[in-house]
Amino acid sequence: MEKITEKLLLEKGSPKTNKLEQIKTLNLSKMGLKHQDLPVRLLSRLQSLEQWDLSGNRLQELPKNLKLPALRCLDLSDNQMEDVTTLESLSNLEELKMEDNLYITVSDNHKMMVLLPNLRIFNGKDVSPTANHLRYVYTDNLRTRVIAVWEKSFHLPDPITAEKLSSLEKEFVNAARQQVRFGPSSVSDFTKWKVEIIAKEYLHSLTEPQKEPESNELTDTKENSEIPTPTKRKQTTSVKDSDVSLTPRKQLRTDLPASSVEDSPRKSSLRLKPLKTLSQASAVRMSPRKTGGSGGSRLVATCGGDSLCVIDCETGMVMKKYKVPGEEFFSLAWSTVLMSRGGGAPAQHCSILAAGGKRGLVKLIHPRNNIAYGEFRASRKALSVLRFNHHKGNFLFSGSYDNKIIMWDIGGVDSQYNYKVVQLLVLEISATPLHICLPPTSPSANLLTACEDGLHCFNTQLGTNNMKRSKEMEITFPIYKKEDKDHDYHTIDGLSFLTDDIVASKNYMHGSIYLWSWSRTKAQRPDKKNRTVCAVVLAELQWANTEIPYLALNTCPGQAYIVCGDDKGRLWTYHVTNLQRNSFQTGKPILPTEVLEWPVPVRKGLGHVEGPSINSVAMDPELQYLVALSDRNMVIVWKREESS
């Protein structure tokens, strides 16, 4: 190995010069270098260096505190890199190559995207959407959970001393690393690393409160400052007061395959209506049936942050808004239960909402009467998903971050809103449940849950003494065969029944949506001894190529539609009745019927809002309205207009 000297750097650098400060390109590849062979003081004189090739060496890390302010491109491929945090000082880096480094994991890749705020190209690919998601959306979610750990169990010492603060920091960081659970298990190392950083920063901010952290979210101060009384009817809020305007676009982008008009038998168009969320929305659900005079399936509920809103899709008005200080809602679900009226009058059906989040409590709400009539504790951990049995509206499933799904009977209510909740079953799973689906033909016998480690099936038939159950079987997918150290496809972040038998599901990092048969998949276990079966795939739907997780799909069974958003604000729609006739089992991915473009909203004083990630979508049974929920605090409603 040749020693790094000023003479060597001048020989290996360009343009040819006699001053290190003028070198812009440097090639130190294939020299057998280790990190201790890189002299920081000498290399720091390369103040104009823009491109540096260190490929083919034996580097496990870079020297700490190496500052090269002009460096934009770095090639570290074919090394032995382990500690990527040593790249942090190269803060202006825009392009990085790390291929053929045996010990680099997906978590390491995530760390680099966070540590290097200007990184755009990684291993030859544009990673801007993924990097921005990690820097802002993912980090904000972790920050919320870290603060919740502090508020629940910690406080500043009195008096504050250096020794007490040091001990407190150690305890708080350890608690946060153990308690905060978020994101795919494949990046748990990255999550714990980032949680530790956030915890230290948050504790530091409490001792220096004058330094407020910058906010990366689009918020509306006027709306977020409202604190209505949940049990009193409040004045509705119209979108006319919104500071968001929309420029509708419906054409396909040039990088997407165009679908012919003949491929879509329903020749209708969709127009845009602008709506603004009143909270950091994380879930959206359409009302399943008529609810008196309030519009029935025109209503959509959104939740997130400490708020839950009920919006009329036709008028764009917020009909109800509930705030629960200290809560952070993650999921909600509609159902219909019986309300007894007393005096011999027959009981009547009423639509209710259940909502839950970080506190592990389920809030029960009767929107028509504007009453949050009850709550019960479903878990000591945060709730990730709620789902009602559509055949028995009083049966509720709650999934939580302690890797459990619990089945509850919430009963009905009387005229005084008295109610009773009974726990029926506990389903033990191996990872956080993301979605719960009940087969339309057997909603009281089987349950499918999409988790961070796969798709699992449970027997939920009541009538036995076994109140605590493990999974009956795991359903695997063909994409699993393509897994490697950089690709884990086991996280199922989209799941919904399209028909009584056909299921639509989506694997994280797989650019397709699977359509598969529930009955034929289940029939592969005639003796019920085999605990793992492969899904009987009927077709694949072409979808976006993205590494952003938790972009959930949804279905409209009555209209044979599947919709899934992507990380650019687009909605990919598939009319499957027609596709079944023409393209099933051809072996080729089915193109979308139509891709609806992000409508380019404009915020006053901030300009255009670029296409965000569409976290979830909802549709009414007649597909008159399509509601998309973004990670930029916005709800967009698409309304069907039949073509003449």
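Residues numbered from 1 in each chain as written. Predicted model: local features only at pLDDT ≥ 70, side-chain atom pairs only at ≥ 80, totals over all residues. Heavy atoms only, no water.

Considerations on the confidence of the model for the protein chain
Piece 1. Per-residue confidence for the protein chain averages 82 on the pLDDT scale, and 83% of its residues sit at or above 70.
Piece 2. Throughout residues 210–280 the model reports pLDDT below 50, and contacts reaching past four residues in sequence, or to other chains, amount to 162 contacts.
Piece 3. Low pLDDT (under 50) marks residues 290–296, which in the prediction has 10 contacts with non-local residues, meaning those over four places away or in another chain. (pLDDT = per-residue confidence, 0-100. Contact = heavy atoms within 4.5 Å.)

Points about the layout of surface pockets
Piece 1. Computed from the structure, the second largest pocket encloses a volume of approximately 990 Å³.
Piece 2. The wall of the second largest pocket is formed by 36 residues, among which Lys125, Asp126, Val127, His487 and Glu547 lie closest to the centre.
Piece 3. Contributions of two or more residues to the lining of the second largest pocket are made by helix H3 (106–115), strand E7 (125–126) and helix H4 (128–153).
Piece 4. If one sorts the elements of the lining of the second largest pocket by residue count, H3 sits on top with 4 residues.
Piece 5. Among the residues making up the lining of the second largest pocket, the classes are represented as 14 nonpolar, 10 polar and 12 charged. (1 Å grid on protein atoms, 1.4 Å probe; cavity = no way out; pocket = protein on both sides within 12 Å on 5 of 7 lines; lining within 4 Å. Points joined across faces, edges and corners; volume = space filled by probe spheres on them. Helix = DSSP H or I, 4+ residues; strand = E, 2+ residues; numbered from the N terminus. Nonpolar A, V, L, I, M, F, W, Y, C, P; charged D, E, K, R; others polar.)

Some thoughts on H3
Piece 1. In terms of burial, H3 is largely enclosed, as 10 of its 10 residues are buried.
Piece 2. Buried within H3 are the following residues: Val106, Ser107, Asp108, Asn109, His110, Lys111, Met112, Met113, Val114 and Leu115.
Piece 3. Sitting at the amino-terminal end of H3 is Thr105, which places a side-chain oxygen 3.3 Å from the backbone nitrogen of Ser107. (Buried < 20%, exposed > 50% of the residue type's maximum accessible area, 1.4 Å probe, protein only. Polar contact = N/O pair within 3.5 Å; in protein donor to acceptor, adjacent residues only side chain to side chain.)

Points about the packing of H3 against H4
Piece 1. Relative to each other, H3 and H4 sit at 80 degrees, their axes nearing to 9 Å. Taken as axis vectors, H3 and H4 run roughly perpendicular relative to one another. Contacts from His110, Met113 and Val114 of H3 reach H4 at Thr130, Ala131, Leu134 and Arg135.
Piece 2. Taken together, the residues of the contact of H3 with H4 sort by class into 4 nonpolar, 2 polar and 1 charged. (Axes fitted to C-alpha atoms, helices over the stretch in contact; angles between N-to-C directions. Parallel < 35°, antiparallel > 145°, perpendicular 65-115°, else oblique.)

What about a positive patch on the surface?
Piece 1. A surface patch of like charges, here positive, comprises Lys152, Arg181, Arg359, Arg377, Arg380 and Lys381.
Piece 2. Tracing the sequence through the fold places Arg380 in the loop between strand E18 (371–377) and strand E19 (383–388).
Piece 3. For Arg380, a relative accessible area of 69% corresponds to the exposed category. (Patch = residues over 30% accessible without salt bridge, like charges linked within 9 Å, V, L, I, M, F, W, Y side chains within 5 Å. Areas by Shrake-Rupley, 256 points an atom, 1.4 Å probe, with all protein chains shown as cover. Salt bridge = Lys/Arg side-chain N within 4 Å of Asp/Glu carboxyl O. Lys, Arg positive; Asp, Glu negative; His and termini not counted. Charge placed at Lys NZ, Arg CZ, Asp CG, Glu CD.)

Looking at the packing of aromatic side chains
Piece 1. Applying the stated criterion across every chain yields a total of 15 aromatic pairs.
Piece 2. Geometrically, the ring pair formed by Trp150 and Phe154 is stacked, given 5.9 Å between the ring centres and 15 degrees between the ring planes. Comparing Trp150 with Phe154, the two get one shared label, buried.
Piece 3. An aromatic cluster is built from Tyr138, Phe182, Phe190, Trp193 and Tyr550, whose rings are joined through pairwise contacts. (Phe/Tyr/Trp six-rings, centres within 6.5 Å; stacked < 30°, edge-to-face > 60°.)

Re the environment of Met634
Piece 1. Tracing the backbone shows Met634 in strand E41 (residues 634–642).
Piece 2. Spatially, the C-alpha atom of Met634 lies 9.4 Å from that of Pro612, the residues being 22 residues apart in sequence.

Looking at unusual backbone geometry
Glycine aside, the phi torsion of most residues is negative, and most peptide linkages are trans.
Piece 1. Here the amide bond leading from Ser14 into Pro15 is cis, since omega sits at 0 degrees, within 30 degrees of zero.
Piece 2. Mapping Pro15 onto the fold places it in the loop between strand E1 (13–14) and strand E2 (25–27).
Piece 3. Note the cis peptide between Asp158 and Pro159, where omega equals 5 degrees.
Piece 4. The residue Lys30 is not glycine, and still its phi comes out positive at about 55 degrees.
Piece 5. Mapping Lys30 onto the fold places it in the loop between E2 and helix H2 (40–43).
Piece 6. Its relative accessible area of 71% is what places Lys30 among the exposed residues.
Piece 7. Even without being a glycine, Asp78 presents a positive backbone phi close to 55 degrees.
Piece 8. In this structure, Asp78 sits in the loop between strand E4 (73–75) and strand E5 (95–97).

Some thoughts on the side chain of Thr573
Piece 1. When you line up the elements, Thr573 lands in strand E35 (residues 571–575).
Piece 2. Here the side chain of Thr573 touches Glu594 through a polar contact of 2.8 Å, landing on its backbone oxygen.
Piece 3. What Thr573 contacts, discounting residues up to four positions off in sequence, is Tyr561, Ile562, Val563, Pro592, Thr593, Glu594 and Leu596.

Description of helix H5 (residues 162–179)
Piece 1. Compared with an ideal rise of 1.5 Å per residue, which puts 18 residues at 26 Å, H5 spans 26 Å between its outermost C-alpha atoms and is within 8% of the ideal.
Piece 2. Where H5 is concerned, the buried positions are Leu168, Phe172, Val173, Ala175 and Ala176. Buried residues along H5 cover an arc of 165 degrees about the axis, so they all sit on one side. H5 presents Glu163, Lys170 and Gln178 as exposed residues on the side facing more than 90 degrees away from its buried surface.
Piece 3. Its buried side turned inward, H5 meets H4 and helix H6 (188–207). (Expected span 1.5 Å × (residues − 1). Arc of directions from axis to C-beta.)

Topic: the sheet that holds strand E31 (residues 532–534)
In a beta sheet, neighbouring strands pair by backbone hydrogen bonds and run either parallel or antiparallel.
Piece 1. Reading across from one edge, E23-E24-E25-E27-E31 is the order of the 5 strands in this open sheet, with mixed pairing throughout. In this open sheet, the two strands that pair with only one neighbour each are strand E23 (433–437) and E31. Mean inter-strand twist for the sheet, computed between neighbouring axes without regard to direction, equals 25 degrees.
Piece 2. As paired strands, strand E25 (residues 454–459) and strand E27 (residues 473–476) are joined by 3 bridges and run antiparallel to one another. By the bridge assignment for E27, His456 is matched with Glu474. (Pairing = 2+ DSSP bridges.)

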